[in-house]
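Here are the chains, one letter per residue:
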Amino acid sequence: MTLVPFPGPQSAGPVPPPDDDDLAEQPSAGAMSFLEHLDELRKRIVRSCLAIAVGVLAGFAFINRIVDFILAPTRRALPPGVKMIYTQPGEAFSLYVTIALIMGIVIAAPYIMLQVWLFIAPGLYVNEKKFAIPFVLFTTIGFLLGAAFNHYISFPFMMAFFASFNSTELAFMPKLDDVFGLYYKMLLGMGIVFQMPTVVFFLAKMKILTARFLVTNLKYAVLIIFVAAAVITPSGDMMTQTIFAAPMVGLYLLSILIAWIVGPKRVKAEQND
């Protein structure tokens, strides 16, 4: 008895090469096991902590200059002859340690972001990788702009407002801990607010948000912005709320322009296709 081999699918012809879209939707590396992920995460965390430790040492080397820089807006707002005070024995030392730790994180931030990128990059698709570095860059720039706006505009105005109540009956002598607490909370808030253009840019790139939508809801956005400013401001006067709300409104208008610039290019590209 003769065995006849089963014919293969010869009529199918050569296999066509994969499209660029198919390649873009493929992961850039093979799958890792759960233990390998844990080991990779541990390695990235250890390296980030070492970078922060080096940054803390560098922060301690210039700690007096950094503290003077942070407290400069408050000192300018104080009445003549008045100094800030601290009432707990370890309050000033704790402030120095906290500022050094924050500076260590800031100094090590680029290296930390690199470690985050190296951890998540193997699991990203090719078309997702191109957004990672611009996103990190733009968010960093936005946070720095927000921090600068807080240090040079919003926080000095706030402290000048509080110091305006100083009189013969009331002495304005702010506590060190309270001043720094207000400073870093406002800095964090402004840093988050200044992320608005970056978020809108990438949402527009992904076709989730359009300039038409932002313009249509402008009046609601302004209302929400002023309500948010009223909630986050430590004082209830209209001028202070405006100081918080003005950059939000300006950034919203800038976001409309960004969405309009990004949107038409995508539409033209789709029409040409």
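It should be noted that the structure appears before, not after, this text.
An account of the accompanying structure is given in this report. Starting from 1, residues in each chain are numbered consecutively following that chain's sequence as written. A pLDDT threshold of at least 70 governs which residues receive local features in this predicted model, and a stricter bar of 80 or more applies before side-chain atom pairs are shown or counted, although totals over entire chains, interfaces and linings include all residues. Each side-chain value is derived from all of the structure's non-hydrogen atoms; neither hydrogens nor water enter the calculation.

Looking now at the overall build of the protein chain. Counting from the N terminus, the helices are DSSP H or I runs at least four residues long and the strands are E runs at least two residues long. Across its full length, the protein chain holds ten helices and zero strands. In the protein chain, the order of α-helices and β-strands from amino to carboxyl end is α-α-α-α-α-α-α-α-α-α. For the protein chain, the proportion of its 273 residues judged to be buried stands at 31%. Any two residues whose heavy atoms approach within 4.5 Å are treated as being in contact. The contacts of the protein chain with a sequence gap of at least 6 include a subset with a gap of at least 24, amounting to 83%. Exposure was quantified through the Shrake-Rupley algorithm and a 1.4 Å probe, taking into account, for residues, occlusion by the shown protein chains and nothing else. Taken as a whole, the protein chain presents about 17900 Å² of accessible surface, with 70% of it coming from carbon and sulfur. Partly exposed residues are those whose accessible area sits between 20% and 50% of the maximum for their type, while under 20% is buried and over 50% is exposed, using a 1.4 Å probe and protein chains only.

What follows concerns the nonpolar core. Soluble globular proteins tend to pack their nonpolar side chains together in the buried interior. Counting residues in each nonpolar core, the largest one holds 48 residues, and the members touching the most others are Ile 70, Leu 71, Ile 99 and Leu 214. Here this core takes nine residues from helix α10 (residues 238-272), the largest share from any one element. The contact partners of Ile 99, leaving out residues within four places of it in the chain, are Ile 63, Ile 66, Val 67, Ile 70 and Phe 180. Put simply, buried Ala, Val, Leu, Ile, Met, Phe, Trp, Tyr and Cys residues joined by side-chain atoms within 4.5 Å make one nonpolar core.

Helix length check: helix α9 (residues 218-232) (15 residues) gives 21 Å between terminal C-alpha atoms against 21 Å at 1.5 Å per residue, within 8%. Taken residue by residue, α9 has Ala 221, Ile 225 and Ala 229 as its buried positions. End-on view of α9: buried residues confined to an arc of 75°, all on one side of the axis. The exposed set on the far side of α9, more than 90 degrees from its buried face, consists of Lys 219, Leu 223, Ile 224 and Val 231. A helix is expected to reach a length of 1.5 Å times the quantity of its residues less one. This arc corresponds to the set of directions leading from the helix axis out to the C-beta atoms.

This part takes up helix α3 (residues 63-77). Each turn of an α-helix holds 3.6 residues, which means side chains three or four residues apart point in the same direction. Over its 15 residues, α3 extends 22 Å from the first C-alpha to the last, a length consistent with the 21 Å expected when each residue adds 1.5 Å. Along α3, the residues classified as buried are Ile 63, Ile 66, Val 67, Ile 70, Leu 71, Pro 73, Thr 74 and Ala 77.

As a further point, take the side chain of Thr 74. Within the secondary structure, Thr 74 sits in helix α3. You can call Thr 74 buried: its relative accessible area is 0%. With near-sequence residues (within four places) excluded, Thr 74 lies in contact with Met 84, Phe 155, Met 159, Pro 174 and Val 179.

Turning our eyes to something else, we now look at the packing of α3 against helix α6 (residues 176-193). When two helices pack together, their arrangement is given by the angle between the helix axes and by the axis-to-axis distance. With their axes 11 Å apart at the nearest point, α3 and α6 run at an angle of 105° to one another. Judged by the angle between their axes, α3 and α6 are roughly perpendicular. For the pair α3 and α6, the contacting residues are Ile 70, Leu 71 and Thr 74 in the first and Leu 176, Val 179, Phe 180 and Tyr 183 in the second. Asp, Glu, Lys and Arg are counted as charged, while Ala, Val, Leu, Ile, Met, Phe, Trp, Tyr, Cys and Pro are counted as nonpolar; the rest, among them Gly, fall into the polar class. Broken down by class, the residue content of the contact of α3 with α6 amounts to six nonpolar, one polar and no charged. Interaxial angle, 0 to 180 degrees, is taken between N-to-C directions of lines fitted to C-alpha atoms, where a helix line uses only the stretch in contact. Our angle categories are set so that under 35 degrees counts as roughly parallel, over 145 as roughly antiparallel, 65 to 115 as roughly perpendicular, and the remainder as oblique.

With respect to the helices and strands, Lys 83 occurs in the loop between α3 and α4 (91-120). Placed 92 residues apart in sequence, Lys 83 and Lys 175 show a C-alpha to C-alpha distance of 9.3 Å. In this view, Lys 83 contacts Leu 78 and Met 173; residues no more than four positions away in its chain are not counted.

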